[in-house]
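Read off the chains here:
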Amino acid sequence: MIQFDAVHKRFPNGTTAVHDLTLRMPEGGVTVLVGSSGCGKTTTLRMINRMVEPTSGTIRVGGKDVQQQDAAELRRSIGYVIQQSGLFPHRTVLDNIATVPLLLGWGRRKARTKAAELLETVGLPAETGRRYPHQLSGGQQQRVGVARALAADPPVLLMDEPFGAVDPVVRTQLQDELLRLQKELSKTIVFVTHDIDEAVRLGDRIAVFRTGGHLVQCAPPDELLARPADDFVADFLGAERGLKLLSLRTLADVPQGPAPAGGTWTLVLDEARRPLHWAADDTRIPVRPLKDTDSLLSALNESVASPTGLVARVDADGVLTGVSSRDDIHEHAGQAHTEARVAA
Ligand SMILES: Nc1ncnc2c1ncn2[C@@H]1O[C@H](COP(=O)(O)OP(=O)(O)OP(=O)(O)O)[C@@H](O)[C@H]1O
């Protein structure tokens, strides 16, 4: 666990970047710090590994006061990923990843073996290890940045807008990768972002800051979306707050029935009973079948785009299991909000 107690940071020029921050970041979970530009997210993050020193207050990592530890040693025991990957341009990818293990005295061979393993872990082909950072795409560089941060297997990972500079498609892929990795590794992650959708997707807890370094609310995404503490948080979450909560719920519990027969529209299947499209006379409308693990938001989206209001449901092999109605999906969407409000 990372624990901030009454932490204050005032820079020599008089700017208060963090104001009286008391916050718990649970072990093995992802805590996302969000808020508009200049609200103190990066300063908060950098106080954890002592790249910035607090003016007052205490920060403990795993129960130990960071001020009582050697700063360089502390930094080597905490993974750190930044937006522009921060890779050394004149070192190969493999040597970049091996940086901290080498500093820790692992020896070249062991450090490089670990680096090669990590390349695979972050989804990069082995040959990229011999390249230099400028020979990789932005998304690949970020993957290397994550591999480098993981190299010494630190229990804590600090990530400062790590996916901020890549396009939306690559960004989603990197988020998926991080979620996959986190399932295996259960690191204590502190993740800074401007993007509330990224926060909702990745965070076990989301801490919302406002200018002046004030923490306004820290809660699991469900609770934040269902019960924002005040208008500032509600505004920050945006007009689509209601829909965002649905992105956290799956379709699994929505009832399904048989596909309709004999109406204007027919759900056309292939020979393996996989849905192809809706058809009426000469018109064909694409169908995007959903699995139980897909979100209620995808279901709502599909149900309004479907000419029948019905959503085709499939199993893991893409074979039709039934259809769900727009009304049932809508009802579950409303229930999701009611439950989140009650649970909060
Ligand atoms: N070294 C410094 N000296 C003086 N002021 C600083 C310093 N570093 C940050 N600040 C100020 O402290 C405040 C918080 O900055 P910080 O970088 O923590 O914000 P942030 O929320 O991470 O912003 P962004 O999202 O734009 O990166 C800002 O007003 C910033 O200008």
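Residues numbered from 1 in each chain as written. Predicted model: local features only at pLDDT ≥ 70, side-chain atom pairs only at ≥ 80, totals over all residues.

### A look at the sheet that holds strand β12 (residues 275-280)
Convention followed: If DSSP finds at least two bridges between two strands, the strands pair. Runs of H or I in DSSP of at least four residues are treated as helices and runs of E of at least two as strands, each being numbered from the N terminus. Axis definition: a line fit to C-alpha positions, over the contact stretch in the case of helices; interaxial angles, taken between N-to-C directions, run 0 to 180 degrees.
Judged by pairing direction, the sheet is antiparallel, and its 3 strands sit side by side in the order β11-β12-β13 without closing on themselves. The two strands at the open ends of the sheet, each matched to only one other strand, are β11 (266-269) and β13 (283-286). Neighbouring strand axes in the sheet, compared pairwise and without regard to direction, differ in orientation by 35° on average. Examined bridge by bridge, β11 and β12 share 4 bridges and lie antiparallel to one another.

### Some words on the pairing of strand β9 (residues 205-210)
Condition: We call a residue exposed when 12 or fewer other C-beta atoms sit within 10 Å of its C-beta, buried when the count reaches 20 or more, and partly exposed for counts in between; the C-beta positions come from the backbone.
Along β9, 5 of the 6 residues are buried, which leaves the element largely enclosed by surrounding structure. Bridging between strand β3 (residues 30-34) and β9 involves 4 bridges; their strand directions are parallel. Paired with T31 across the two strands is R205, which belongs to β9. A loop of 3 residues connects β9 with strand β10 (residues 214-219), the two strands running antiparallel in sequence, and G212 in this loop sits at a positive phi of about 100°.

### Some thoughts on the site of the ligand
Here is the rule we go by: Using a C-beta atom placed from the backbone, a residue is scored as near a molecule or strand whenever that atom is within 6 Å of it. Polar here means any residue outside two lists: the nonpolar Ala, Val, Leu, Ile, Met, Phe, Trp, Tyr, Cys and Pro, and the charged Asp, Glu, Lys and Arg; Gly therefore counts as polar.
As a matter of local geometry, the ligand sits amid 13 residues, with F11, A17, S37, T42 and T43 nearest to it. Looking at the shell around the ligand element by element, the count peaks at 3 residues for helix α1 (residues 41-48). Class assignment of the residues belonging to the shell around the ligand gives a composition of 3 nonpolar, 9 polar and 1 charged.

### Regarding the nonpolar core
Side chains of nonpolar character tend, in soluble globular proteins, to be buried together. Worth spelling out the cut-off: The nonpolar core criterion groups buried Ala, Val, Leu, Ile, Met, Phe, Trp, Tyr and Cys residues into a set whenever they are joined through C-beta atoms within 7 Å. Domain ranges listed in this record stem from an automatic or a database domain assignment. We call two residues in contact when their backbone-placed C-beta atoms lie within 7 Å.
Counting residues in hydrophobic clusters, the biggest one holds 86 residues, and the most contacted among them are I48, I97, A147, A151, L158 and V190. A total of 5 residues in this core trace back to one element, the largest contributor, which is helix α6 (residues 138-150). A domain-level breakdown of this core finds at least three residues from each of domain 1 (2-240) and domain 2 (266-343). When neighbours within four sequence positions are excluded, I48 is seen to be in contact with I2, I59, V61, V66, I78, L158 and V190.

### Considering the sheet that holds strand β1 (residues 2-10)
Strand order across the open sheet formed by 4 strands is β2-β1-β4-β5, with antiparallel pairing between neighbours. Of all the strands in the sheet, just β2 (16-25) and β5 (64-65) have a single pairing partner and so form its edges. In the sheet, strand β4 (residues 56-61) pairs with β5 via 2 bridges, with the strands oriented antiparallel. In the sheet register, R60 faces β5, and the bridge partner there is D65.

### Focus on the confidence of the model for the protein chain
Quick note on the threshold: Scored from 0 to 100, pLDDT records how confident the predictor is in each individual residue.
In this model, the protein chain carries a mean pLDDT of 91, and residues with pLDDT of at least 70 account for 99%. Scored as a complex, the prediction yields pTM 0.86 and ipTM 0.96.

### Some words on unusual backbone geometry
Unlike most non-glycine residues, D20 shows phi in positive territory, near 45°. Looking at the secondary structure, you find D20 in strand β2.

### Focus on helix α7 (residues 168-185)
The test is simple: Under the convention used throughout, the expected extent of a helix is 1.5 Å for every residue step, that is, one less than its residue count. To obtain the arc, one takes the directions from the helix axis to the C-beta atoms.
Helix length check: α7, at 18 residues, gives a terminal C-alpha distance of 25 Å against a target of 26 Å (1.5 Å per residue), a fit within 8%. The complete set of buried residues in α7 reads R171, L174 and L178. On an axial view of α7, the arc spanned by its buried residues comes to 60°, and they lie on one face. In this structure, α7 carries V169, D176, L179, R180, K183 and E184 as exposed residues pointing more than 90 degrees from its buried face. Where α7 is buried, its residues meet α6 and α8 (196-202). At the exit of α7 stands S186, carrying a positive phi of roughly 45°.

### Quick look at the environment of G29
With respect to the helices and strands, the residue G29 is situated in the loop between β2 and β3. Exposure remark for G29: the 17 C-beta atoms within 10 Å place this residue in the partly exposed category. Considering only alpha carbons, one finds G29 and R180, 151 residues apart in sequence, at a separation of 13 Å. Other than its neighbours up to four places away in sequence, G29 contacts T188, D204 and R205.

### Description of the pairing of strand β7 (residues 156-160)
The element β7 is largely enclosed, with a buried count of 4 among its 5 residues. Judged from the 5 bridges that link them, strand β6 (residues 78-82) and β7 form a sheet pairing that is parallel. In the sheet register, G79 faces β7, and the bridge partner there is L157. Pairing analysis gives 5 bridges linking β7 to strand β8 (residues 188-192), with the strands arranged parallel. Its bridge partner being in β8, L157 is matched across the sheet by I189.

### Observations regarding α1
Burial analysis of α1 places 6 of its 8 residues in the buried class, the great majority of the element. Listed as buried for α1 are K41, T43, T44, L45, M47 and I48. Positive phi appears at R50, one or two residues downstream of α1, with a value of about 65°.

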